[in-house]
Every structure is written in structure tokens, then in C-alpha cells.
Amino acid sequence: MTQPAKQPTLAFIGAGNMARAIIGGLLKTGFPADRIWASEPALDRMDDLKAQGLNTTDDNAVAVKNADLIVLAVKPQLLKEVLLPLQSAASTEDKLFVSVAAGITCDSINQWLGGQQAIVRCMPNTPALVGMGASGLYANAQVSEEQKTQADSVLSAVGITAWVDEESLLHAITAVSGSGPAYYFLFMESMISAGIKQGLSREVATQLTLQTARGAAEIACTNDSTPAELCRQVASPKGTTEQAILSFQSQQLDQVVENAMAACADRSHELAKLLGE
Ligand SMILES: NC(=O)c1ccc[n+]([C@@H]2O[C@H](COP(=O)([O-])OP(=O)(O)OC[C@H]3O[C@@H](n4cnc5c(N)ncnc54)[C@H](OP(=O)(O)O)[C@@H]3O)[C@@H](O)[C@H]2O)c1
């Protein structure tokens, strides 16, 4: 996508893990800190952000009033109570709301904001912190092309973006990339523990596991071969890897992963239903 004509002023409502990952990534790209507002109830928890030049406030309405693009980064369970008092601040100008809250639909957000707001739903992930995020995005009918470009430029500053035309696909995106980093961290932990059981020190098992994950991801991203082909290149016939792969397959790794991702997407649907009224 092209760059927006004007760099927007951003507000993050909620300055927790996900907001900080995006803010950190943006600052690394040179995005001006003084064009970012961060808002949450505990002002002192944002001292570090203030020290980096961000505007901080404990009044969400102040942050919304000052911004063109507002990132809603509170827990889904809190979104309704956070948005209801923001109706008048939201309605004053053409503002774009970018919600990263899992599950909650554009219709629910519009109901709580009391209007027909331009809303982008985004499912980012925490590797945004190191510029390697992967975000799925959906825009409702009120979002202009300029606003879509603005949202894309914020998220693409911290990784790749993929837009979908159907809002319901965000459930699947949550299962793949939103929650995905956790699956890899879990697998790393398992490999470290197994390495320790085979006699390695925690330090060595950790170093080798992490560098292997980094190297494997790098090859998979830069090579034309599919992950399945790359796997075959490691697994020599009648060699060592083959035995590990056979063990995974005998325990139906594909099915294990499919079940886990289905549970993740189901929870996303459930959050939309439970919290969307
Ligand atoms: N973490 C991820 O990997 C990830 C990935 C994709 C999407 N998301 C989505 O991102 C959102 C935030 O998740 P998170 O992991 O960043 O959670 P988090 O770390 O708990 O961040 C939420 C922040 O909102 C603050 N907050 C609470 N009440 C508030 C209010 N009334 N006004 C403004 N801020 C308030 C919280 O402060 P207190 O701690 O004081 O309550 C906290 O700092 C969720 O909707 C989640 O679905 C997360």
C-alpha cells in the first residue's frame, strides 16, 4: 500500500503487552514519539513511555480527542465499558478506530461508540516489537481508502499485513498468527526441557533451541521450498530426524495442531457472542 498523505496522530487506549509491542516497533522505525498518545488508568505505569517522548494520560477521552487513529488495545472483556464513555469524544471528527481486541465485532464496537464509525479490526501479534509482526486486518464500510492506508502504514511499520474482505476470517487469523507466537514459544520450552532431560545444561539447551528456531524460520522465509520440503531436506532416509518425525506423526501432530487452532478460533467466536451485546 502507498504511504498516507498525512502521518496520523495515534492514541493507544490500553498500554499493555500488545500496545507496547506496536509502540516499540513504531518507535524503532522512527515514528515520532510526540505523535503517539497512550492512555490507561495507572499513569505511573507509563513513565517509561513518557520518558521516550510519548504523551500519556489516564483520561481515555483526552487521548481520543487528540488522535486521528485510535488503537483499542484493552482486553475484550473491558471494551464495552471503555467505549461507552467515549461516544462524544469519538463523534467530533473523522476518526479511525483500530481494534485489536480478539473476537469483538465492528457492529458491537459501533453500537458502543453510538454511531457509524470507521472501524478497522486488526489481529496483530507480539513480534511487532521486533518489526516482525504479522497482522490480519478488516475494514468496515465506513473506512475510507486514506484511512485504510493509514492503518496499513501503522501495522506494516512493525511487520507484514494481510487484509481480508470477510470479518469472520479474523477468527482464523487469530488461530494462525494472533496466538501463533505462543505455540512456537511452547514448542521451544518443550525442546529445551527435552534437551535438559538428555543431559544438556539449561543454558546450552536454550541457546541451541532458540538459534535453531531462528535459523529454521529464516530459511523458511527466504527459500522457495515449502516447509514440508525443507523438513525432508533435514530428515535423511533412515537417519535420526526421520525417527523424530515418525514419533510426531504416530502421535498425530497434524491433528493436535488442528484441534488446538480450532479451540482458539472457537474461543474467538465465543468472545464475540459473550461480550458483544
Ligand atoms: N497479547 C497478544 O499477543 C495479543 C495479540 C493480538 C491481540 N491482542 C489483543 O490486544 C488486547 C490487549 O491485550 P494485551 O495482551 O495487551 O493485554 P494487557 O497487557 O492486559 O493490556 C491491556 C491494558 O489495558 C489497560 N486498561 C485496563 N483498563 C483500562 C481502561 N479503562 N482504559 C484504558 N486502559 C485500560 C490495562 O491496565 P491494567 O493492567 O492496569 O488493567 C492494560 O495495561 C486484547 O483485546 C487482546 O485480545 C493481544
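Thresholds, definitions, all that
Residues numbered from 1 in each chain as written. Predicted model: local features only at pLDDT ≥ 70, side-chain atom pairs only at ≥ 80, totals over all residues. Heavy atoms only, no water. UniProt positions renumbered as here; feature names shortened; annotations may be inferred. Core = buried A, V, L, I, M, F, W, Y, C linked by side-chain atoms within 4.5 Å. Buried < 20%, exposed > 50% of the residue type's maximum accessible area, 1.4 Å probe, protein only. Helix = DSSP H or I, 4+ residues; strand = E, 2+ residues; numbered from the N terminus. Contact = heavy atoms within 4.5 Å. 1 Å grid on protein atoms, 1.4 Å probe; cavity = no way out; pocket = protein on both sides within 12 Å on 5 of 7 lines; lining within 4 Å. Points joined across faces, edges and corners; volume = space filled by probe spheres on them. Nonpolar A, V, L, I, M, F, W, Y, C, P; charged D, E, K, R; others polar.

- The protein has the name Pyrroline-5-carboxylate reductase in an unreviewed UniProt entry, where Neptunomonas phycophila is given as its organism.
- Note on the protein: under the UniProt heading Pathway (unreviewed entry), the record states "Amino-acid biosynthesis; L-proline biosynthesis; L-proline from L-glutamate 5-semialdehyde: step 1/1."
- If you open the UniProt record of the protein and go to Sequence similarities (unreviewed entry), you find "Belongs to the pyrroline-5-carboxylate reductase family."

**Focus on the nonpolar core**
- Ranked by internal contacts, the top residues of the largest apolar core, which has 32 residues, are Phe-12, Ile-22, Leu-26, Leu-96 and Val-98.
- Of all elements in the fold, only strand 1 (10-13), helix 1 (17-28), strand 2 (36-39), strand 4 (69-72), strand 5 (96-99), strand 6 (118-123) and helix 7 (145-156) reach the threshold of two or more residues within this core.
- For this core, the element with the most residues is helix 1, which contributes six residues.
- When neighbours within four sequence positions are excluded, Val-98 is seen to be in contact with Leu-69, Ile-70, Val-71, Leu-72, Val-120, Cys-122 and Ala-151.
- Residues Ala-89, Ala-102, Trp-112 and Met-123 belong to the second largest nonpolar core, which totals 31 residues.

**Brief notes about the layout of surface pockets**
- Its volume calculated, the largest pocket comes out at about 2,900 Å³.
- Residue lining of the largest pocket: 49 residues in total, with Tyr-184, Phe-187, Ala-213, Ala-216 and Ala-217 positioned closest to the centre.
- Sorting elements by how many residues they give to the lining of the largest pocket places helix 10 (residues 202-222) first, with twelve residues.
- In terms of residue class, the lining of the largest pocket is built from 33 nonpolar, 13 polar and three charged.
- Taken as a whole, the second largest pocket encloses approximately 910 Å³ of empty space.
- Taken together, 41 residues make up the lining of the second largest pocket; nearest its centre are Met-18, Ala-73, Val-74, Lys-75 and Pro-76.
- If you list the elements that add at least two residues to the lining of the second largest pocket, you get helix 1, helix 3 (60-66), helix 4 (79-83), helix 8 (169-178), helix 9 (180-197) and helix 13 (253-275).
- Broken down by element, the lining of the second largest pocket gets its largest block of residues, four residues, from helix 13.
- A breakdown of the residues in the lining of the second largest pocket according to their chemical character gives 23 nonpolar, eleven polar and seven charged.

**Describing unusual backbone geometry**
- We note that Lys-238 has phi near 65°; this positive angle belongs to a residue other than glycine.
- Structurally, Lys-238 is set in the loop between helix 11 (227-234) and helix 12 (240-250).
- One non-glycine residue, Gln-252, lies in the positive phi region at around 55°.
- Following the sequence through the fold, Gln-252 ends up in the loop between helix 12 and helix 13.

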